[in-house]
Amino acid sequence: MTENKANVIDGKALAAKIRAEAAVEAGRILTERGRRPKLCVIIAGDNQASKVYVRNKQKACVDCGIESETVELPGTVTREELFEIIDQKNGDVTVDGILVQLPLPGGIDEKEIIARISPEKDVDCFHPVNVGRVYTGDPVFLPCTPAGIIELLKFAGVEIKGANCVVVGRSNIVGKPVGALLLAENGTVTIAHSKTKDLKKVTKEADILVAAIGKAKFFTKDYIKPGAAVIDVGMDRDEEGKLCGDVDFDDVISVCGAITPVPGGVGPMTVAMLMKNTIKAAKGK
Ligand code: GUN
C-alpha cells in the first residue's frame, strides 16, 4: 500500500442522511394522520444472522420515528400459519410495510410466502409484481440493497452511464436486481457467477465491480481494473472470525478508485433504503 488515493465510500454517513430524511417524512405523516408509519417484520426460526439483521431494522425504525412490530415465530411454523399472519397484516390499515426475513425454515417455499404479501406493502421489493415493475422501468419500490448500491455510486461521484459494470453473483436479492438498476442507469452490465469462465478477465474490464458472492476476501487486486469503483456486498468472516467482505480491502485499495468498506459500506444502506420504502408505502395510501 503506497500513495493510495482511493475514495473510501462512507455508507454509514450516507445512510444517516437518508434516515434523517425518512425521519422528517415520518414526522409529517404523524402530524397529518395522528399515527406513525408502521413496519411489520416477520421472522421465523433461530437463524442468528437474521436476528441481528432484524434488530438493526427495529433500531432504524425507532431512530426514524417509524413504528415497528416484530412477529417472532418458531422454526416449526407452517405455511398456513404464515399465510394467516400475512393476510391479517395485509388487511390491517395501520400496517404500511410487511417484511418476511429470509431465509425461512427449511421446507417452506419462500416464493409462495413472499407472493402472499400485498404488493403495495412489499417494502423489500421481493414480490414478483414489484420485481417485474423494476425490470420494465416502472418501479413502485426499489429493492433495498441494489438501490443502496446505486446511491453509494452517485454519492461517490461515479458515473454509471456508459460504464462497464460487472456484477459477480446472481441472487434474487442482490445480483439480478442490481444488474437491472445499473442497466436502468445506462450502464453496460455483465452478470458473472460461479460458472463464468475466466472470471479475472471479466472483472478486470469493470469500471464498476459489484462483489456479491459470499466468499471472504475473494477479490484481490489482480481482479481489479486500475481506478475502478468497487462495491462490496459481502458479509463474511475472515480466518480470525472478524467481519469482512468479498473484497480483500487492504490489497484492492492500492489499485481501485473507490471502494466500500465492510462494515460501514453497503450494509447500513440496505436498512436506510428499507426506511425509505416504508415511508413510500405509507404515503402511497
Ligand atoms: N435476508 C438477507 N437479506 C435480506 C433482506 O434484505 N430482506 C429480507 N427480508 N431477508 C433478507
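The structure under discussion appears in the preceding block.
Residues numbered from 1 in each chain as written. Predicted model: local features only at pLDDT ≥ 70, side-chain atom pairs only at ≥ 80, totals over all residues. Heavy atoms only, no water.

> Which parts of the structure should I look at to understand the site of the ligand?
Taken together, K57, L99, V100, Q101, L102, D124 and F126 make up the full set of residues near the ligand. Within the backbone of L102, an N or O atom sits 2.9 Å from a nitrogen atom of the ligand. A distance of 2.6 Å is found between a nitrogen atom of the ligand and a side-chain nitrogen or oxygen belonging to D124. For the ligand, the accessible surface in isolation is 280 Å², of which the surrounding protein chains cover 83%. The cavity where the ligand resides is the largest pocket. A breakdown of the residues in the shell around the ligand according to their chemical character gives four nonpolar, one polar and two charged. (Near = heavy atom within 4 Å. Polar contact = N/O pair within 3.5 Å; in protein donor to acceptor, adjacent residues only side chain to side chain. Areas by Shrake-Rupley, 256 points an atom, 1.4 Å probe, with all protein chains shown as cover. 1 Å grid on protein atoms, 1.4 Å probe; cavity = no way out; pocket = protein on both sides within 12 Å on 5 of 7 lines; lining within 4 Å. Sits in = over half its atoms within 2 Å of the grid points. Nonpolar A, V, L, I, M, F, W, Y, C, P; charged D, E, K, R; others polar.)

> Just checking my understanding: could you explain the sheet that holds strand β4 (residues 97-100) for this structure?
Backbone hydrogen bonds hold the strands of a sheet together, and the pairing may be parallel or antiparallel. On the basis of which strands lie adjacent, the open sheet formed by three strands has the order β3-β2-β4 and parallel pairing. Of all the strands in the sheet, just β3 (67-73) and β4 have a single pairing partner and so form its edges. When the angles between neighbouring strand axes are averaged without regard to direction, this sheet yields 15 degrees. In this sheet, β4 lies alongside strand β2 (residues 38-44) in parallel orientation, the contact comprising four bridges. Each bridged residue has a counterpart across the sheet, and for V41 the counterpart in β4 is L99. In the packing of helix α2 (residues 48-64) onto the sheet, the strands contacted are β2, β3 and β4, and the crossing angle to β2 comes to about 170 degrees. On top of the sheet, helix α3 (residues 79-91) reaches β2, β3 and β4; it is set at about 165 degrees to β3, its chief contact. (Pairing = 2+ DSSP bridges. Helix = DSSP H or I, 4+ residues; strand = E, 2+ residues; numbered from the N terminus. Axes fitted to C-alpha atoms, helices over the stretch in contact; angles between N-to-C directions. Contact = heavy atoms within 4.5 Å.)

> Explain the packing of helix α1 (residues 11-33) against α2 here, please?
For any two helices packed against each other, one specifies the inter-axial angle together with the distance between the axes. Look at α1 against α2: their axes get within 8 Å of each other, and the N-to-C directions meet at 55 degrees. Compared by their axis directions, α1 and α2 come out oblique. In this structure, α1 uses R19, A22, A23 and A26 to contact α2, whose residues at the interface are A60, D63 and C64. By residue class, the composition of the contact of α1 with α2 is five nonpolar, no polar and two charged. (Parallel < 35°, antiparallel > 145°, perpendicular 65-115°, else oblique.)

> Any chance you could explain the pairing of strand β6 (residues 188-192) here in plain terms?
Taken residue by residue, a regular strand's side chains alternate between the two faces of the sheet. In this sheet, β6 lies alongside strand β5 (residues 164-168) in parallel orientation, the contact comprising five bridges. Opposite N164, over in β6, you have T188 as the bridge partner. In this fold, the crossover linking β5 to β6 by way of helix α7 (residues 175-184) has right-handed handedness. (Right-handed = clockwise from strand over helix to strand, strands pointing away.)

> Teacher, can you tell me more about the nonpolar core here?
Among soluble globular proteins, nonpolar side chains are generally buried collectively. Ranked by size, the top nonpolar core spans 52 residues in total, and within it L39, I149, L153, L182, I208, V210 and M275 carry the most contacts. The element that contributes the greatest number of residues to this core is helix α10 (residues 266-283), accounting for ten residues. Ranked by size, the runner-up nonpolar core spans 19 residues in total, among them V77, L82, V100 and L102. (Core = buried A, V, L, I, M, F, W, Y, C linked by side-chain atoms within 4.5 Å. Buried < 20%, exposed > 50% of the residue type's maximum accessible area, 1.4 Å probe, protein only.)

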